[in-house]
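Structure at a glance
What follows is the residue order along each chain.
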Amino acid sequence: MNTHSQLRDHEFKKGKFFSPFNKALGEKGKLQSWFHERLPEYMWIAIILETYGRKDGFNKMFQILKTLVELNPAVRRPSWFSILKLPEDEQLKFYGKLETTIDKHILSPLTIVHQHHEFPVFVDFFCNNSQTPKERTDIITNTMLKAAHHQSDFATDIRYIALMHQVFSGSLKLPKEVVEELIKYPELEHTAEEMHTIRPMIRSSEMSLKMMESMNLQGDTDDTPDEIMCSFWDVLSRCVECELFIIKREVEKSNTDMYVAHLQEIFRYLSELFTATKPLDAKMLVLLGIATYAYKRMHEVYAHDLYNSVCGRGAVRSIIECYIMLKYLLLIENDHKNIWEEYQYYGIGLTKLVVSRSRDSSSDLSNSHVDYRYLELLVNHYMDEEFINMDTSYFDKKNIREKAIAVDEKELFGLYYDYDSHFEHGLWGAIRESALVSCKSPAHQFHCVPDALAAQSLPSVWHDCKFVMGKILAFLDEQYFIPNKLLSKVQNA
């Protein structure tokens, strides 16, 4: 079941959507990451629970927590980082008590991340020299992987132990009925019906306590020492190699040859219709020009096998914008006497701006992909450029979103155009999806690696191209009555 909030649950203010959680948390709140910040502190608990199993692991941990509370009540949470910061004599007392409850070599894996030059008392006591570095890191990473998701059963067990330490130490006062629920937790299987209410209570309580500490609402705190946290991740990440997870999408299997062939028939028909019946009609020129540009973008996807590419997303975006512009120009036609000429000169004016900048530039533009001399001919094709203005604002002063809303295509904009724009502008979401490969190793915090070999592929854009092109063809059919035999071929393809 999807438990994420919906868009309507967010508050829109000054161009920004605020999530319900952040709104409730306010400015004092600080995001606390279970995996990045708290799990490393509780890895010793995780290893003990994983080694002894749930029932025996809980019993042993309860004994250990009572020992820790008796030894030093000032340790507010059972963070191993806090234990490593205890005076040497207190560490030795605790480790000695620990040894009577568990096999001390169980915690040997942690000696690879908390090293001798920093924590000699800990390493001398727990290190098992017969255990290889790889065996140690494997135990840590496998345990971390099992506990990585903050709502997993295993992670909840660990968080339960952290919460119960607060209860044992007396720093957390809970209502009697809540304590009764917590006492039942170790005896219940995770499949039990009661767990549906107990588990969320444990998770929210454990998270709230840490958040309250970070907000300094509980007075004296024992926040995780940043240097130990950084050292933990730094050492562990260098001991483990990346495990790259590369997504390879299926090659487009549609009969694209047939579809493009039939689509070409339609645009050939429309081109011949224009030259034979209305060769000087500005409206037909603009509408067919925009539609043909959309067709060419789609044809490039087909001709150059761009289905699963970043460039393919640019094509979808462009095709959508062409469709919206077609509908928008028709919508405002009656309010603008010369709308079809205005639209042409708006675009040519922007081309003139590019040409004008090239004249002012001192750079060598001879090898540029922009053919400035040809553009100059285009600018002066119908009118001397000295009579052409350059409007740098949106056409008709409305951006593409406003135009989409005006022509009842807001959803097309929101679900497709806006997403594809991320790729055109190089926004991080698009970069993350297309240019970075995921690493499966918890030791590397599931980080990303640049996709230097271009191995990652994206879902095919072909069906979305067809979807929007279908809208364009329907629009053109309303204006120029495309023969049904031509339309049916494309629809059947």
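Note that this is a predicted model, so its numbers are computed, not measured.

**Remarks on the overall build of the protein chain**
Secondary structure assignment for the protein chain yields 22 helices and 5 strands. In terms of overall dimensions, the protein chain is more spread out than a globule: its C-alpha atoms have a radius of gyration of 33 Å, far above the 23 Å expected for 493 residues. Each principal axis of the C-alpha distribution contributes one length, and for the protein chain these read about 95 × 55 × 45 Å. Buried positions account for 43% of the 493 residues belonging to the protein chain. Sequence separation of 24 or more characterises 71% of the internal contacts of the protein chain that already satisfy a separation of 6 or more. Accessible surface computed for the protein chain: about 27300 Å², of which carbon and sulfur atoms make up 53%.

**Remarks on the confidence of the model for the protein chain**
Chain-level pLDDT for the protein chain is 89 on average; 91% of the residues reach the 70-or-more range. The secondary structure element of the protein chain with the lowest average pLDDT is helix H1 (residues 20-25), at 61, and the one with the highest is helix H3 (residues 43-52), at 98. Per-residue pLDDT stays below 50 along residues 216-224; that stretch engages in 23 contacts with residues further than four places along the chain or on separate chains.

**As for helix H21 (residues 462-480)**
Compared with the 27 Å implied by 1.5 Å per residue over 19 residues, the 26 Å span of H21 between its first and last C-alpha is a close match. Those residues of H21 that fall on the buried side of the exposure criterion are Trp 462, Cys 465, Val 468, Met 469, Ile 472, Leu 473, Phe 475, Leu 476 and Tyr 480. Seen from one end, H21 has its buried residues packed into an arc of 160 degrees, which puts them on one side. Residues of H21 that are buried make contact with helix H13 (256-277), helix H14 (282-303), helix H15 (310-331), helix H19 (410-425) and helix H22 (484-492). Positive phi shows up at Phe 481, right after H21, with a value of about 55 degrees.

**Topic: the packing of aromatic side chains**
This model, assessed by the stated rule, comprises 30 aromatic pairs. Ring geometry for Phe 58 against Phe 62: centres 6.2 Å apart, planes inclined by 10 degrees, an arrangement best described as stacked. Here Phe 62 and Phe 58 lie together in helix H4 (residues 54-71), a separation of 4 residues that amounts to about one turn. For Phe 58, a relative accessible area of 0% gives the class buried. Arranged with centres 4.9 Å apart and planes meeting at 80 degrees, the rings of Tyr 95 and Phe 126 form a pair that is edge-to-face. Highlighted residues: Tyr 95 in helix H6 (residues 88-99) and Phe 126 in helix H7 (residues 120-126), separated in sequence by 31 residues. Taking relative accessible area as the criterion, Phe 126 reaches 0% and is therefore assigned buried. The ring of Tyr 52 has Lys 60 sitting right over it, with the charged end atom 4.8 Å from the ring centre. The ring of Trp 34 is capped by Arg 159, whose NZ or CZ atom sits 5.4 Å from the centre of that ring.

**Here's the deal with a nonpolar patch on the surface**
Judged by side-chain polarity, Tyr 374, Leu 377 and Leu 378 come together as a nonpolar surface patch covering roughly 310 Å² of accessible area. Tracing the chain through its elements places Leu 377 in helix H17 (residues 372-379).

**Things to note about the packing of H14 against helix H16 (residues 339-360)**
Packing of H14 against H16 leaves a shortest axis separation of 8 Å and a crossing angle of 50 degrees. Judged by the angle between their axes, H14 and H16 are oblique. Crossing geometry of H14 relative to H16 is assigned as left-handed. Counted together, Ala 282, Lys 283, Leu 285, Val 286, Leu 287 and Ile 290 of H14 and Trp 340, Glu 341, Tyr 343 and Gln 344 of H16 form the full contact between these two elements. Broken down by class, the residue content of the contact of H14 with H16 amounts to 7 nonpolar, 1 polar and 2 charged.

Conventions we followed
Residues numbered from 1 in each chain as written. Predicted model: local features only at pLDDT ≥ 70, side-chain atom pairs only at ≥ 80, totals over all residues. Heavy atoms only, no water. Helix = DSSP H or I, 4+ residues; strand = E, 2+ residues; numbered from the N terminus. Rg over C-alpha atoms; globule rule 2.2 N^0.38 Å. Buried < 20%, exposed > 50% of the residue type's maximum accessible area, 1.4 Å probe, protein only. Contact = heavy atoms within 4.5 Å. Areas by Shrake-Rupley, 256 points an atom, 1.4 Å probe, with all protein chains shown as cover. pLDDT = per-residue confidence, 0-100. Expected span 1.5 Å × (residues − 1). Arc of directions from axis to C-beta. Phe/Tyr/Trp six-rings, centres within 6.5 Å; stacked < 30°, edge-to-face > 60°. Lys NZ or Arg CZ within 6 Å of the ring centre and 35° of its normal. Patch = residues over 30% accessible without salt bridge, like charges linked within 9 Å, V, L, I, M, F, W, Y side chains within 5 Å. Salt bridge = Lys/Arg side-chain N within 4 Å of Asp/Glu carboxyl O. Axes fitted to C-alpha atoms, helices over the stretch in contact; angles between N-to-C directions. Parallel < 35°, antiparallel > 145°, perpendicular 65-115°, else oblique. Left-handed = near helix turned anticlockwise from the far one by under 90°. Nonpolar A, V, L, I, M, F, W, Y, C, P; charged D, E, K, R; others polar.

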